[in-house]
Amino acid sequence: QKEVEQNSGPLSVPEGAIASLNCTYSDRVSQSFFWYRQYSGKSPELIMSIYSNGDKEDGRFTAQLNKASQYVSLLIRDSQPSDSATYLCAVNMVYNQGGKLIFGQGTELSVKP
Amino acid sequence: GAVVSQHPSRVICKSGTSVKIECRSLDFQATTMFWYRQFPKQSLMLMATSNEGSKATYEQGVEKDKFLINHASLTLSTLTVTSAHPEDSSFYICSARAYSESNQPQHFGDGTRLSIL
């Protein structure tokens, strides 16, 4: 089992729809979770951080965390073509004192005009 | 805040050349920096964790003598790819985390695209 798993996609949604991206992780004691967006040929940029169970909203983005189910998701409301990118789920591994991030393989999102 | 600068953005050189990549935290002190490599259509793979003033910690399978890391100050880490060969061609990305914030996100540089001919 991979430490962090995402559906690779591509996930295609029409403009204005809600895009739902999902991620599961294996380390039960992990405490911090991140979503990064990566455009083709560019480096990742931080979209959301989440540390507690429940929802966290920032503009059109909502991150959801369920530690009991070891599940974290990202919702993008009113999707725009500019949201088309690969979304990387990252989990901070507690057992490693350096706090290294483990990344999922990424979900490619395509928003069609 | 939390800006990370990486230089150069692109390198094209002949096989056997050594290439040095710099990673700087511009507006914060970074006791820990990370070096990643990303091949096309794949996710980021951590190569090593760079700690200021001490030896880097390399991930399994990464040759420390080939990928030399120096973290001499709280704002600068360098990665040197020694005697690079075509199979070393990849997208190299550094990241940094602010001092004493081990639970906080990493901030990424813009990456260096390395092409070895």
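This section reports on the structure supplied with the text. All values derive from a computational prediction rather than experimental measurement. (Residues numbered from 1 in each chain as written. Chains lettered and ligands numbered in written order. Predicted model: local features only at pLDDT ≥ 70, side-chain atom pairs only at ≥ 80, totals over all residues. Heavy atoms only, no water.)

### Concerning the overall build of chain A
Within chain A, the regular secondary structure consists of 0 helices and 11 strands. Taking 13 Å as the expected radius of gyration for a compact globule of 113 residues, we find that chain A reaches 14 Å, a close match to that expectation. Along the first, second and third principal axes, the C-alpha atoms of chain A reach 45 × 30 × 25 Å. The buried share among the 113 residues of chain A stands at 47%. For chain A, restricting intrachain contacts to residue pairs at least 6 apart in sequence, the fraction spanning at least 24 positions comes to 54%. On chain A, roughly 5200 Å² of surface is accessible, and the fraction owed to carbon and sulfur atoms is 47%. For chain A, the separation between the mean place of its 10 positive charges and that of its 11 negative charges on side chains is 4 Å. (Helix = DSSP H or I, 4+ residues; strand = E, 2+ residues; numbered from the N terminus. Rg over C-alpha atoms; globule rule 2.2 N^0.38 Å. Buried < 20%, exposed > 50% of the residue type's maximum accessible area, 1.4 Å probe, protein only. Contact = heavy atoms within 4.5 Å. Areas by Shrake-Rupley, 256 points an atom, 1.4 Å probe, with all protein chains shown as cover. Lys, Arg positive; Asp, Glu negative; His and termini not counted. Charge placed at Lys NZ, Arg CZ, Asp CG, Glu CD.)

### Here's the deal with the packing of aromatic side chains
Describing an aromatic ring pair means giving the distance of the ring centres and the angle of the ring planes. With the rule as written, the count across this model stands at 8 aromatic pairs over all chains. Look at A:Phe34 and A:Tyr51: their rings are 6.1 Å apart centre to centre, the planes differ by 85°, and that puts the pair in the edge-to-face class. Linking A:Phe34 in strand β4 (residues 32-38) with A:Tyr51 in the loop between β5 (45-50) and β6 (54-58), this pair joins segments that are 17 residues apart in sequence. A:Phe34 gets classed as buried once you look at its relative accessible area, which sits at 1%. For the ring pair B:Tyr36 and B:Phe108, a centre distance of 5.6 Å and an interplane angle of 50° mean the geometry is tilted. Separated by 72 residues along the polypeptide, B:Tyr36 in strand β4 (residues 32-38) and B:Phe108 in strand β10 (residues 107-108) bring together distant segments of the chain. Looking at B:Phe108, the relative accessible area reads 10%, which means it is buried. Site record: aromatic cluster; members linked through ring pairs are A:Tyr36, A:Phe103, B:Tyr36 and B:Phe108. A cation over an aromatic ring shows up here: A:Arg60 above the ring of A:Phe61, its NZ or CZ 5.6 Å from the ring centre. (Phe/Tyr/Trp six-rings, centres within 6.5 Å; stacked < 30°, edge-to-face > 60°. Lys NZ or Arg CZ within 6 Å of the ring centre and 35° of its normal.)

### Some details on the pattern of salt bridges
Any two side chains of opposite charge can pair if their charged atoms end up close together. Residues and elements named next belong to chain B. Here the structure, examined in full by the defined rule, presents 6 salt bridges over all chains. With its nearest N and O atoms 3.4 Å apart, the salt bridge here joins Arg24 to Glu22. Relative accessible area serves as the criterion here: at 34%, Arg24 is assigned to the partly exposed category. The residue Asp88 makes a salt bridge to Lys66 at a minimum N-O spacing of 2.9 Å. (Salt bridge = Lys/Arg side-chain N within 4 Å of Asp/Glu carboxyl O.)

### Description of the sheet that holds strand β1 (residues 4-6) of chain A
Residues and elements named next belong to chain A. Pairing is antiparallel in the open sheet, where 5 strands are placed in the order β1-β3-β8-β7-β6. Two strands bound the open sheet, and with one partner strand each, they are β1 and β6. Within this sheet the neighbouring strands show an average axis-to-axis angle of 20°, counted without direction. Two elements, strand β7 (residues 61-66) and strand β8 (residues 71-76), share 6 bridges in a ladder whose sense is antiparallel. The partner of Asn66 across the bridge, within β8, is Tyr71. (Pairing = 2+ DSSP bridges. Axes fitted to C-alpha atoms, helices over the stretch in contact; angles between N-to-C directions.)

### Some points on the interface of chain A and chain B
With 21 residues of chain A in contact, the opposing surface of chain B contributes 21 residues. On the chain A side of the contact with chain B, A:Ser43, A:Lys100 and A:Phe103 bury the most area, a combined 27% of that side's loss. If you look at where chain A meets chain B, you find 1 salt bridge. The closest approach of N and O atoms between A:Lys100 and B:Glu59, which form a salt bridge, is 2.8 Å. Summed over the shared surface of chain A and chain B, the result is 6 residue pairs in polar contact (both at pLDDT 80 or more). Mapped onto the side of chain A that touches chain B, the elements with two or more residues apiece are β4, β5, β9 (85-92) and β10 (101-103) of chain A. (Buried area = accessible area lost by both parts, 1.4 Å probe. Polar contact = N/O pair within 3.5 Å; in protein donor to acceptor, adjacent residues only side chain to side chain.)

Treat this as a map of the structure, not an account of what it does.
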